[in-house]
Amino acid sequence: MRAVLLTMAALAALGLTGAVAVVALGLYNVSAVAGHLPGVSWVLHTTFRNSVWLRAPSEEEVPELDDAELIALGAGHYATACVPCHGAPGQEASATMQAMVPEPPQIEEAVAHWEANELFWIVENGIKMTGMPGWPAEGRDDEVWAVVAYLVSVQGEVAPELELQTGGSEPEEYCASCHGEVGGQVPRLDLLSAEYLEAQLQAYRSGKRPSGIMAQAVTSVPEERLSELATHFAETADEAGDAPVASAELVVKGEALAREGTRDVPTCLACHGEREDGRRKGPVLDGQRRGFLEVQLTLWRDGVYAYDPLMHAAARDLSNEDIEALAAYFARR
Ligand code: HEC
Ligand code: HEC
Ligand code: HEC
């Protein structure tokens, strides 16, 4: 018995010494050119598959993904954030990206073997030790679903054309591939002041206002251009579409809430309406898009957005029905 224990202890010590040697002496070859040892790729890939299966949200949690504006928003993000590694449909990634280990699969191949709920998990979380990044902002399921909507449109071979940015593209053109083009969840900027827009761009940059889509956008253009871009978009008409006009009943309900509030909800117009001196505390909401307002109010209510404590408090007790009615009221035409 004693001999068995001693042998086991000796083997354990040997194993540990081996492991220390591999780490300390650099015996493991980290070269990407050498690739993985036979069998290791299989083990890693099988672990990856099973890990996603275990953790993906259930199929019931998948929202409607065939909305054209949602797909267009996802496509706009994909064009700068994902194309460098996965390429555009029908087009390969660069030779350098193809030399990654593991190699990022070409987009059609990347989406081929997954359901929408699994794609959601992958895009939100990324894949450790592969170079596949997670979503750069927390709590933004709504944005991840937009990208998934695009990926599903690629699966169905109904994806819209991507607006790829080239070295010669101007930042204005890049921003305008969503603002003025997409509608839905993408806000109108022409209602707002340049100062407000610039403050938001800085808030996206610092992460104070968490949005993976806008964080990608503001880090894709030189920081010193942001002020100029804010001025440009404050002055450029945006006539892209939005959700259909709401029923008059919903608008009336929203108006009452916005003007009078309730015991739990303060009157929105106290801050968002114009005061006698022509100023207001919060940004203009009149004429803003329904799709955008619904998403934003949900984020404020749920505390994903908390960068303005008064606004967070104002939204805290809103029900989904209140949010729908308020968005319908402010977006009325
Ligand atoms: C820096 C390169 C890189 C970027 C940027 C990147 N990916 Fe990936 N992605 C990878 C790599 C590498 C894998 C392969 C992981 C594996 O197979 O082990 C991967 C895997 C995937 C997969 C799973 C495919 C499969 O079966 O392996 C999907 C889906 C995916 N990426 C979507 C996206 C989307 C959407 C974006 C943009 C939001 C994105 N990726 C950005 C490198 C990247
Ligand atoms: C892929 C689409 C896309 C691109 C490209 C894009 N945006 Fe946005 N933008 C959005 C979405 C979606 C939001 C709402 C984000 C949120 O939830 O806060 C937004 C929000 C904003 C806001 C805040 C508006 C408000 O009412 O609070 C500003 C300002 C803005 N974008 C300016 C820009 C500028 C400038 C660029 C170019 C550098 C740009 N955007 C590029 C989609 C985009
Ligand atoms: C106490 C003042 C106050 C009240 C009350 C208030 N808000 Fe706000 N709201 C703000 C401020 C300030 C901001 C801008 C925060 C920032 O950018 O720093 C804001 C931002 C917003 C935004 C984001 C707009 C955009 O373009 O990014 C929406 C949507 C909004 N409020 C809707 C509402 C609604 C609906 C109500 C009523 C339920 C309401 N607010 C009540 C002060 C208020």
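What you are looking at is a predicted structure, and each value in this text was computed from that prediction instead of being measured.

Draft legend 1. Fine view of the environment of P187. Its place among the elements puts P187 in the loop between α9 (171–176) and α10 (194–206). Taking the C-alpha atoms as reference points, P187 and R290, separated by 103 residues in sequence, lie 9.1 Å from one another.

Draft legend 2. Molecular detail of the site of ligand 1. Around ligand 1, the surrounding shell holds 21 residues, and the nearest of these are C82, C85, H86, W114 and M132. Contact between ligand 1 and H86: a nitrogen atom at 2.7 Å from a side-chain N or O atom of the residue. In this structure, an oxygen atom belonging to ligand 1 sits 2.8 Å away from a side-chain N or O atom of W114. Judged by the proximity of its atoms to the pocket grid, ligand 1 belongs to the second largest pocket.

Draft legend 3. Representation of the environment of L318 in the model. As for its position among the elements, L318 is in the loop between α16 (309–315) and α17 (320–331). A relative accessible area of 6% places L318 in the buried class. Sequence spacing of L318 and M132 is 186 residues, and the spatial spacing of their C-alpha atoms is 37 Å.

Draft legend 4. Structural view of empty space enclosed by the protein. Overall, the coordinates contain one cavity of 30 Å³ or more when judged by the stated rule. In this structure, the largest cavity encloses a volume near 60 Å³. In terms of lining, the largest cavity is formed by A243, P244, V245, A246, V251, R290, A328, A331, R332 and R333. Its residues assigned to classes, the lining of the largest cavity comprises seven nonpolar, no polar and three charged.

Draft legend 5. Summary view of the site of ligand 2. Around ligand 2 sit 27 residues in total, of which C175, C178, H179, M214 and Y305 are the nearest. Side-chain polar atom of Y196 to an oxygen atom of ligand 2: 3.4 Å apart, as the coordinates give it. Between ligand 2 and Q296, the relevant distance is 2.8 Å, taken from an oxygen atom to a side-chain nitrogen or oxygen of the residue. For the shell around ligand 2, the element with the highest residue contribution is α10, accounting for five residues.

Draft legend 6. Inspection of the packing of aromatic side chains at higher detail. Within the structure shown, the criterion is met by seven aromatic pairs. Aromatic side chains W300 and Y305 sit 5.5 Å apart centroid to centroid with 75 degrees between the ring planes, which places their arrangement in the edge-to-face category. Each member of the pair, W300 as well as Y305, is classed as buried. Seen in terms of ring centroids, Y305 and Y307 are 5.3 Å apart; in terms of plane orientation they differ by 65 degrees. Their pairing is edge-to-face. Using a relative accessible area of 0% as the deciding quantity, one classes Y305 as buried. An aromatic cluster is defined as three or more aromatic residues linked by ring pairs; in this entry it consists of W300, Y305 and Y307.

Draft legend 7. The arrangement of a nonpolar patch on the surface in detail. A contiguous nonpolar surface patch, about 680 Å² in accessible area, is contributed by V22, V23, L25, L27, Y28 and V30. Judged by relative accessible area, which is 36%, V22 ranks as partly exposed.

Draft legend 8. Structural context of the domain arrangement of the protein chain. For the protein chain, the assigned domains are domain 1 (47–155), domain 2 (171–234) and domain 3 (248–331). Look at where the C-alpha atoms of domain 2 and domain 3 centre, and you get two points 21 Å apart. With 14 residues of domain 2 in contact, the opposing surface of domain 3 contributes 13 residues. It is R188, L191 and R209 in domain 2 that bury the most area against domain 3; as a group they hold 37% of the surface buried on that side.

Draft legend 9. Examining the packing of helix α7 (residues 116–125) against helix α8 (residues 141–155) more closely. In the contact formed by α7 and α8, the axes pass within 9 Å of each other and the chain directions differ by 125 degrees. Classified by the interaxial angle, the pair formed by α7 and α8 is oblique. Between α7 and α8 lies a crossing of right-handed hand. Side by side, α7 and α8 meet where A116, N117, L119, F120, V123 and E124 of the first sit next to D141, V144, W145, V147, V148, L151, V152 and Q155 of the second. Taken together, the residues of the contact of α7 with α8 sort by class into 10 nonpolar, two polar and two charged.

Draft legend 10. Representation of the coordination of the iron atom of ligand 1 within the structure. Here the iron atom of ligand 1 is held by the protein donor atoms H86 (NE2) and M132 (SD), which lie 2.0 to 2.2 Å from it. One can describe the donor arrangement at the iron atom of ligand 1 as octahedral, given that its six donor atoms subtend angles of 86 to 179 degrees at the metal. Of the two residues, H86 sits in helix α4 (residues 83–86) while M132 sits in the loop between α7 and α8, which places them 46 residues apart along the sequence. Residue classification places M132 among the partly exposed positions, given a relative accessible area of 23%.

Thresholds applied
Residues numbered from 1 in each chain as written. Chains lettered and ligands numbered in written order. Predicted model: local features only at pLDDT ≥ 70, side-chain atom pairs only at ≥ 80, totals over all residues. Heavy atoms only, no water. Helix = DSSP H or I, 4+ residues; strand = E, 2+ residues; numbered from the N terminus. Near = heavy atom within 4 Å. Polar contact = N/O pair within 3.5 Å; in protein donor to acceptor, adjacent residues only side chain to side chain. 1 Å grid on protein atoms, 1.4 Å probe; cavity = no way out; pocket = protein on both sides within 12 Å on 5 of 7 lines; lining within 4 Å. Sits in = over half its atoms within 2 Å of the grid points. Buried < 20%, exposed > 50% of the residue type's maximum accessible area, 1.4 Å probe, protein only. Points joined across faces, edges and corners; volume = space filled by probe spheres on them. Nonpolar A, V, L, I, M, F, W, Y, C, P; charged D, E, K, R; others polar. Phe/Tyr/Trp six-rings, centres within 6.5 Å; stacked < 30°, edge-to-face > 60°. Patch = residues over 30% accessible without salt bridge, like charges linked within 9 Å, V, L, I, M, F, W, Y side chains within 5 Å. Areas by Shrake-Rupley, 256 points an atom, 1.4 Å probe, with all protein chains shown as cover. Salt bridge = Lys/Arg side-chain N within 4 Å of Asp/Glu carboxyl O. Domains from an automatic or database assignment. Contact = heavy atoms within 4.5 Å. Buried area = accessible area lost by both parts, 1.4 Å probe. Axes fitted to C-alpha atoms, helices over the stretch in contact; angles between N-to-C directions. Parallel < 35°, antiparallel > 145°, perpendicular 65-115°, else oblique. Left-handed = near helix turned anticlockwise from the far one by under 90°. Donors = N, O, S within 2.8 Å, 3.2 Å for Na, K, Ca; no water. Tetrahedral: all angles 85-135°; square planar, octahedral: opposite > 155°, others 65-115°.

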